[in-house]
Amino acid sequence: MKVASPEIRSFQPPVRTLMGPGPSDVPPRVLSALARPTIGHLDPAFVGMMDELKSLLRYAFQTENELTFPLSAPGSVGMESCFVNLVSPGDKVIVCINGVFGQRMAENVRRIGGVPVIVEDPWGEAVDPAKVEDAFRANPDASVMAFVHAETSTGALSDAATLAAIARRFDALTIMDCVTSLAGVPVLLDEWGIDAAYSGSQKCLSCTPGLSPVSFSAAAVERIRNRKTACQSWFQDLNLVLGYWSGAKRTYHHTAPVNPLFGLHESLVLLAEEGLEKVWQRHRDNHLRLRAGLEALGLRFVVREDARLPQLNTVWVPEGVDEAAARNRLLTEFGLEIGAGLGVLAGKVWRIGLMGHSSRPANIALCLSALEVVLRR
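One numbering rule holds for all chains: residues counted from 1, following each sequence as written. Under the rules for a predicted model, residues below a pLDDT of 70 receive no local features and side-chain atom pairs below 80 are neither given nor counted, while totals for whole chains, interfaces and linings still include all residues. Side-chain metrics rest on all non-hydrogen atoms present in the structure, leaving aside hydrogens and water.

Attention shifts here to the sheet that holds strand β9 (residues 196–198). With mixed pairing, seven strands are arranged side by side in an open sheet as β2-β10-β9-β8-β5-β3-β4. At either end of the open sheet lies a strand with only one pairing partner, and these are β2 (67–71) and β4 (115–120). On average, each strand axis in the sheet is inclined to that of its neighbour by 15°, with strand direction left out of account. One bridge is not enough; two strands pair if DSSP finds at least two bridges between them. Numbering goes from the N terminus for both helices and strands, where a helix is a DSSP run of H or I of at least four residues and a strand is a run of E of at least two. Sheet topology note: the strand β3 (residues 92–97)/β4 ladder contains six bridges and is parallel. Here an angle of 0 to 180 degrees is reported between the N-to-C directions of two axes, which are lines fitted to C-alpha atoms, with helices fitted over the stretch in contact.

A cluster of nonpolar residues, W234, F235 and L240, forms a patch on the protein surface that exposes about 300 Å² of accessible area. Residue placement: F235 occurs in the loop between α8 (218–225) and α9 (238–245). Here a patch means residues that are over 30% exposed by relative accessible area and free of salt bridges, tied together within 9 Å if like-charged and within 5 Å if nonpolar (Val, Leu, Ile, Met, Phe, Trp, Tyr). All accessible-area figures derive from a Shrake-Rupley calculation using a 1.4 Å probe, and residue coverage is judged against the displayed protein chains alone. One speaks of a salt bridge when a side-chain nitrogen belonging to Lys or Arg is within 4 Å of a carboxyl oxygen belonging to Asp or Glu.

Further remarks concern α8. In an α-helix, one turn spans 3.6 residues; hence positions three or four apart end up facing the same way. For every residue, the accessible area (1.4 Å probe, protein chains only) is compared with the maximum for its type, and the residue is labelled buried under 20%, exposed over 50%, or partly exposed between those bounds. For α8, every residue scored as buried is listed here: A220, V221 and I224. Viewed end-on, α8 has its buried residues packed into an arc of 100°, placing them on one side of the element. In what follows, a contact means two residues having at least one pair of non-hydrogen atoms within 4.5 Å. Structurally, α8 contributes buried residues whose contacts are with β2, α3 (75–86), β8 (173–177), β10 (212–216) and α9. Think of it as the arc spanned by the lines of direction from the helix axis to the C-beta atoms.

On to the state of the cysteines. Working definition: the covalent bond between the sulfur atoms of two cysteines is a disulfide. By disulfide we mean two sulfur atoms from cysteines, separated by a distance within 2.5 Å. The final tally for this structure, using the stated rule, is zero disulfides. Of all cysteine sulfurs, the one in C82 lies closest to C96, which takes part in no disulfide; the gap is 15 Å. Overall, C96 belongs to the buried group, its relative accessible area being 0%. This cysteine, C207, is not joined by any disulfide, and C204 carries the nearest cysteine sulfur, 13 Å off. For C207, a relative accessible area of 0% puts it in the buried group.

Moving on, we get to the sheet that holds strand β11 (residues 312–316). Taking strand neighbours across the sheet as the criterion, the three strands line up as β11-β14-β13 in an open arrangement whose pairing is antiparallel. A strand with exactly one partner marks an edge of an open sheet, and here the two such strands are β11 and β13 (339–340). In this structure, β11 lies alongside strand β14 (residues 349–353), joined through five bridges in antiparallel fashion. Note that in β14 the partner of N313 across the bridge is I352. Where helix α12 (residues 323–334) meets the sheet, it contacts β13 and β14, and its direction lies at approximately 30° from that of β14.

With that settled, the discussion passes to the side chain of T154. Topologically, T154 is positioned in the loop between β6 (150–151) and β7 (156–157). With a relative accessible area of 0%, T154 lands in the buried category. Apart from residues lying up to four places away in sequence, T154 is in contact with N98, W123, G124, V303, T314 and L345.

Given below as structure tokens:
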């Protein structure tokens with residue numbers, strides 16, 4: 001028996017304005033870069049581009065870390081890679097939870113066989129440094145502290161510099177999730193003393209989903225090289241990946257996603273051309289524009305102003321409004337995507353992104369006018 005050929009034509013996606021928690025709008029230059037001719041992943045020209053990617057990412061992360069490169073997988077794998085390389089069975093890890101992605105960090109520790117020590121804060125609030133200090137005093141044998149810099153489920157921004165300083169005082173390494181913060185607000189790995197950080201290509205970097213920029217300090221690399229047990233993931237074992245992303249002679253590890261890396265390279269070139277300080281200011285200025293409009297519509301923010309991410313604005317759904325139906329109308333009538341709530345905030349909030357190329361006055365005008373129409377109905 002033969003399987004009949006399906007009558008399916010080329011897929012043509014609808015045109016959307018992406019103002020959710022990610023992905024963000026992709027600029028034309030990045031889309032054009034994705035369409036460039038594919039070459040081999042060990043081609044000398046591609047290897048040269050890999051070195052440029054590492055340099056561009058060091059600028060984005062503000063670090064001199066030699067081991068700074070994009071993993072061939074989304075941000076969730078960046079998170080997992082940090083944990084499987086730096087945490088061994090039996091290790092005690094202080095994990096800060098103030099939303100969904102802190103919970104995922106704790107789950108990574110459990111699956112490795114580590115011992116998570118949970119520091120919990122209410123959703124919508126920043127991580128409390130005093131609680132972290134108390135956790136270290138109660139668990140001085142903790143070897144790692146992990147936290148989410150910008151909690152994507154709520155839009156809360158935590159004080160990375162203070163948290164990392166606490167970990168250093170107790171001789172612990174720091175793992176930081178900066179998936180939503182990189183290129184939207186200051187991320188200063190060297191100045192703050194962050195040992196491992198991971199991000200995603202699809203948020204403020206305005207590339208397509210599927211790549212995870214990571215960076216590891218010298219202290220983190222030393223721990224990786226001196227592990228007493230093998231990393232439980234072959235694909236994510238950085239002792240193996242190092243041979244592909246560093247050294248004069250690259251050794252084969254996996255077939256890198258060539259064209260997506262072309263796109264990330266172009267998005268990072270755009271970031272360098274605009275300049276980090278100007279990019280951070282653009283996100284801040286556009287947040288203030290959006291905030292004024294949302295408050296004029298009577299919408300209330302979940303996160304207090306001093307802990308609020310400019311690139312991810314989470315607001316309470318007004319009483320009596322069907323939040324899913326409203327989002328569906330925004331999508332079908334205006335081609336506008338905003339995000340729903342996650343976890344305990346599901347059905348209660350909207351998450352409105354101003355990330356990367358999506359952070360433009362024209363998008364803000366569309367969002368506010370569309371919301372006004374939908375809410376009036």
